[in-house]
Amino acid sequence: MTIGKLATAGGVGVETVRYYQRRGLLAEPDRAGRVRRYDGDHLSRLRFIRSAQTAGFTLEEIRELLALDAAKDRERALDLANERIAALDRKLAALQAARAALARLASACANTSSEPCPIITAFEPQTCASVRPDQDQDRGQNVD
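What comes next concerns the included structure.

Conventions and cut-offs
- Residues numbered from 1 in each chain as written.
- Predicted model: local features only at pLDDT ≥ 70, side-chain atom pairs only at ≥ 80, totals over all residues.
- Heavy atoms only, no water.
- Helix = DSSP H or I, 4+ residues; strand = E, 2+ residues; numbered from the N terminus.
- Buried < 20%, exposed > 50% of the residue type's maximum accessible area, 1.4 Å probe, protein only.
- Areas by Shrake-Rupley, 256 points an atom, 1.4 Å probe, with all protein chains shown as cover.
- Salt bridge = Lys/Arg side-chain N within 4 Å of Asp/Glu carboxyl O.
- Disulfide = S-S within 2.5 Å.
- Phe/Tyr/Trp six-rings, centres within 6.5 Å; stacked < 30°, edge-to-face > 60°.
- Lys NZ or Arg CZ within 6 Å of the ring centre and 35° of its normal.
- Lys, Arg positive; Asp, Glu negative; His and termini not counted.
- Contact = heavy atoms within 4.5 Å.

**Remarks on the overall build of the chain**
Piece 1. Across its full length, the chain carries six helices and two strands.
Piece 2. Listing each helix as α and each strand as β along the chain from the N terminus yields α-α-β-β-α-α-α-α.
Piece 3. When burial is assessed residue by residue, the chain has 19% of its 144 residues classed as buried.
Piece 4. Roughly 10600 Å² of accessible area belongs to the chain as shown, and the carbon and sulfur atoms make up 53% of that amount.

**Focus: the pattern of salt bridges**
Piece 1. Summed over all chains, the structure comprises six salt bridges.
Piece 2. Its salt-bridge partner being E60, residue R63 comes within 3.3 Å of it at the nearest N-O pair. Note that R63 and E60 are positioned in helix 4 (residues 59-71) at a spacing of three residues, about one turn of the helix.
Piece 3. Taking the relative accessible area as the measure of exposure, E60 reaches 44% and is therefore partly exposed.
Piece 4. Three or more residues are tied together by salt bridges with common partners; here these are R23, E60 and R63.

**Quick look at the state of the cysteines**
Piece 1. The full count for this structure, using the stated rule, is one disulfide.
Piece 2. The disulfide partner of C109 is C117, and the gap between their sulfur atoms is 2.4 Å. Disulfide C109-C117: torsion about the S-S bond near -125°, hence left-handed.

**Focus on the packing of aromatic side chains**
Piece 1. Across all of its chains, the model carries one aromatic pair by this definition.
Piece 2. Measuring from ring centre to ring centre gives 6.3 Å for Y19 and Y20, while their planes differ by 50°; the resulting arrangement is tilted.
Piece 3. Overall, the relative accessible area of 2% leaves Y20 in the buried class.
Piece 4. Over the ring of F57 we find R84, and its NZ or CZ is 5.9 Å from the ring centre.

**Details of the side chain of R84**
Piece 1. Looking at the secondary structure, you find R84 in helix 5 (residues 74-111).
Piece 2. Buried within the structure, R84 lacks any salt-bridge partner; its nearest side chain of opposite charge belongs to E61, at an N-O separation of 4.3 Å.
Piece 3. When near neighbours in sequence (up to four residues on either side) are disregarded, R84 contacts A55, G56, F57 and E61.

What follows is the structure, given as structure tokens:
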């Protein structure tokens, strides 16, 4: 298949394929006449790269995973996967905490009509109440 067909089948643009080639993640096949022909192995690798990115692996980590696969180093690959799982768990916990906080704000907004909506006020920048407007904030001295 041509690079355009490879890109389409892999769900990326042609420039993404070329970028992966420049980074050494995807081999560039020899030319068959004026056109390079890609095969199923190229597509499998491209799909692996995209899936690994979706899982949160960096391109450098993906490069390492590909090298580990070639060397059959399952222990290091497992370590990388467990590190990524732990990072995803931390991100999930942070997202769940943010969701819970937003749900509380939404509930408070729905239950009050005379005060400002807490959703809006929660996202306003916080000001430092300890600094008076007539003081220089850098030195704590009067600017009069």
